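Examining the three-dimensional arrangement
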Amino acid sequence: MKEVSELQRMLGKILIWNKARLDCFTRMLLALFVARTANLSEIAVVMASKAKVESRYKRLQRFFRHFRIDYNVIAKFIFNLFFAGRQVYLTIDRTNWFWGKAKINILTLAVAYEGVAIPLFWCLLNKAGNATAIEHRAIIVRFVRLFGQSCILGVLGDREFASATLFGFCNKQKIPFYIRIKEGAQVKIKNKKWLKAKKLFSHLNLREKAECQMIVWVYGKKLYLTGSRSETGELMIVATNQNPKNAIAVYLRRWEIECLFSCLKGRGFCFEETHLVDRTRIKKMMALLAIGFCWAHKTGEWRASIKPIRLCKHRDSIRPQNSYMRYGLDYIREIIVNPFKKISAFRQILALFEPDLTTQRVV
């Protein structure tokens with residue numbers, strides 16, 4: 001199968017693995033696009049190989065059981081593929097589900113990009129609930145160590161990420177952040193008594209927003225607050241250590257990581273269908289899905305520049321029929337499974353996935 005050798009040649013420039021592991025990963029990546037599921041049994045069925053299905057399945061099991069992956073190499077590969085030399089907004093969130101009694105809980109740090117976030121770092125939590133402030137800080141430290149602090153335009157997070165520890169760390173490292181806080185969070189202006197944050201924005205009507213004109217004490221830190229009330233009356237309060245004028249607009253880009261999780265799950269690779277429960281193996285599966293997602297997104301962007309995505313009317317709005325990721329995913333699947341497609345078509349989309357090796361360094 002020529003596609004295997006072509007993809008293996010390209011990945012071999014980035015992933016310095018032995019030939020057997022690289023061959024397994026390459027075949028698994030192509031099978032992932034065909035099967036559109038993270039279930040190893042399904043991947044084994046469509047995986048290109050002369051071996052029996054049972055042998056393929058055991059090969060996949062050995063890969064996830066024994067092989068070690070340098071996740072920093074993958075993070076640099078993805079970052080330079082999309083963001084080399086650019087400043088970025090980081091968005092942090094969790095995705096979680098249960099497989100039987102097993103708790104699958106993945107803390108993810110991604111970069112906001114074109115309506116969807118690009119995954120860079122992830123860690124598996126050994127619990128079902130929120131991560132701790134120390135875990136939040138640790139995953140951001142991984143980014144700073146690899147790419148530096150100067151390329152961060154802001155860290156975006158929902159209410160579960162608001163804490164004195166994270167706010168203090170960002171202030172000390174001079175990292176901008178835009179993080180939503182709870183309505184009942186205790187705040188103080190100058191020497192006045194403590195009050196709930198929602199009191200500062202109780203005057204807002206529907207679709208209105210306002211900035212608190214003074215520095216406010218929140219979780220023991222001096223910050224700025226901006227509030228906005230939605231069409232349904234829900235109050236959103238964002239804390240930042242930057243000029244609060246555009247804080248709401250910047251914070252709303254946090255939603256792009258939710259779009260990423262949707263692409264990894266039902267709208268893309270059906271991550272929740274994996275039967276893996278061991279945390280180290282799920283982390284490896286996430287690496288496979290991240291690389292597949294990035295290739296699909298790059299292909300979708302390129303294909304949309306040639307043949308724009310069709311627009312469909314949905315209620316009172318007009319939306320694209322597909323995301324870039326799904327547009328590219330379907331195109332890659334067609335090239336892989338259609339016997340009438342020539343290898344030149346595969347090389348064309350593979351070139352989109354091949355980074356400039358001169359940028360493969362720590363920024």
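Up top is the structure.
Now for a quick tour of the structure. (Residues numbered from 1 in each chain as written. Predicted model: local features only at pLDDT ≥ 70, side-chain atom pairs only at ≥ 80, totals over all residues. Heavy atoms only, no water.)

1. Points about the environment of Cys-123
Applied cut-off: Helix numbering and strand numbering both begin at the N terminus, where a helix is a DSSP run of H or I of at least 4 residues and a strand a DSSP run of E of at least 2. Relative accessible area decides the class of each residue, using a 1.4 Å probe on protein chains only: under 20% of the type maximum gives buried, over 50% gives exposed, and in between gives partly exposed. The contact rule is simple, with two residues in contact once any of their heavy atoms fall within 4.5 Å.
Residue position: Cys-123 is located in strand β3 (residues 116-124). Given the relative accessible area of 19%, Cys-123 is considered buried. Put simply, Cys-123 and Gly-168 are 45 residues apart on the chain and 22 Å apart in space, counted from C-alpha to C-alpha. Beyond its immediate chain neighbours, meaning those up to four positions away, Cys-123 contacts Asn-105, Ile-106 and Leu-107.

2. Let's talk about helix α4 (residues 53-66)
We apply this condition: To estimate the expected span of a helix, count its residues, drop one, and scale the result by 1.5 Å. The reported arc concerns the directions from the helix axis to the C-beta atoms and nothing else.
Along its 14 residues, α4 runs 20 Å from first to last C-alpha, staying within 8% of the 20 Å computed at 1.5 Å per residue. Among all positions of α4, only Arg-56, Leu-60, Phe-63 and Phe-64 are buried. Down the axis of α4, the sector holding all buried residues measures 90 degrees, keeping them to one side. With respect to the buried face of α4, the exposed residues turned more than 90 degrees away are Glu-54 and His-66.

3. Considering helix α5 (residues 71-82)
Threshold: For the purposes of these results, a polar contact is taken to be a pair of N or O atoms within 3.5 Å, where, inside protein, one atom must be able to donate a hydrogen and its partner to accept one; residues adjacent in sequence count only when each atom of the pair is a side-chain atom.
For α5, which comprises 12 residues, the first-to-last C-alpha distance of 17 Å matches the rise-based estimate of 16 Å (1.5 Å per residue) to within 8%. In terms of burial, α5 is a largely internal element, nine of the 12 residues being buried. Looking only at α5, the buried set comprises Tyr-71, Ile-74, Ala-75, Phe-77, Ile-78, Phe-79, Asn-80, Leu-81 and Phe-82. Put simply, Asp-70 is the residue that caps the front of α5, since its side-chain oxygen is 3.1 Å from the backbone nitrogen of Asn-72.

4. Considerations on the layout of surface pockets
Which entries qualify depends on this criterion: Using protein atoms alone on a 1 Å grid, points that fit a 1.4 Å probe yet trap it form a cavity, whereas open point sets bounded by protein on both sides within 12 Å along at least five of seven lines form a pocket; residues with an atom within 4 Å of a point count as lining. Grid points are joined across faces, edges and corners, and a volume is the space filled by probe spheres set on the points. Nonpolar residues are Ala, Val, Leu, Ile, Met, Phe, Trp, Tyr, Cys and Pro. Charged residues are Asp, Glu, Lys and Arg, and all others, Gly as well, are polar.
Taken as a whole, the largest pocket spans an internal volume of roughly 630 Å³. Lining the largest pocket are 19 residues, and of these Cys-259, Arg-267, Asn-322, Ser-323 and Tyr-324 sit closest to its centre. When residues of the lining of the largest pocket are traced back to their parent elements, those giving at least two are α9 (256-264), β13 (317-320) and α11 (324-337). Ranked by residue count, the leading element in the lining of the largest pocket is α9, at four residues. Considered class by class, the residues forming the lining of the largest pocket number eight nonpolar, six polar and five charged. What lines the second largest pocket is simply Asn-39, Leu-40, Ser-41, Tyr-57, Gln-61, Phe-64, Arg-65, His-275, Leu-276, Val-277 and Arg-281. For the lining of the second largest pocket, the secondary structure elements donating two or more residues are α3 (40-46) and α4. Per-element tally for the lining of the second largest pocket: the top contributor is α4, with four residues. Broken down by class, the residue content of the lining of the second largest pocket amounts to five nonpolar, four polar and two charged.

5. A short note on the pattern of salt bridges
When the charged atoms of two side chains lie near each other, side chains of opposite charge can form a pair. Heads up, the condition is: In the sections that follow, a salt bridge refers to a side-chain nitrogen of Lys or Arg positioned within 4 Å of a carboxyl oxygen of Asp or Glu.
In the structure shown here, the tally under the stated rule is 15 salt bridges. For Arg-180, the salt bridge is made with Glu-234, and the minimal N-O distance between the two is 3.0 Å. Residue Arg-180 is located in strand β5 (residues 177-181), and its partner Glu-234 is located in the loop between β10 (221-229) and β11 (235-240); the two are separated by 54 residues in the primary sequence. Classification of Arg-180 by relative accessible area gives buried; the value is 7%. Among the salt bridges present, the one from Asp-330 reaches Arg-326, with a minimum N-O distance of 3.0 Å. Taken together, the positions of Asp-330 and Arg-326, both in helix α11 and four residues apart, correspond to about one turn of that helix. For Arg-326, a relative accessible area of 24% gives the class partly exposed. What emerges from the salt-bridge pattern is a single network uniting Glu-6, Arg-9 and Arg-347.

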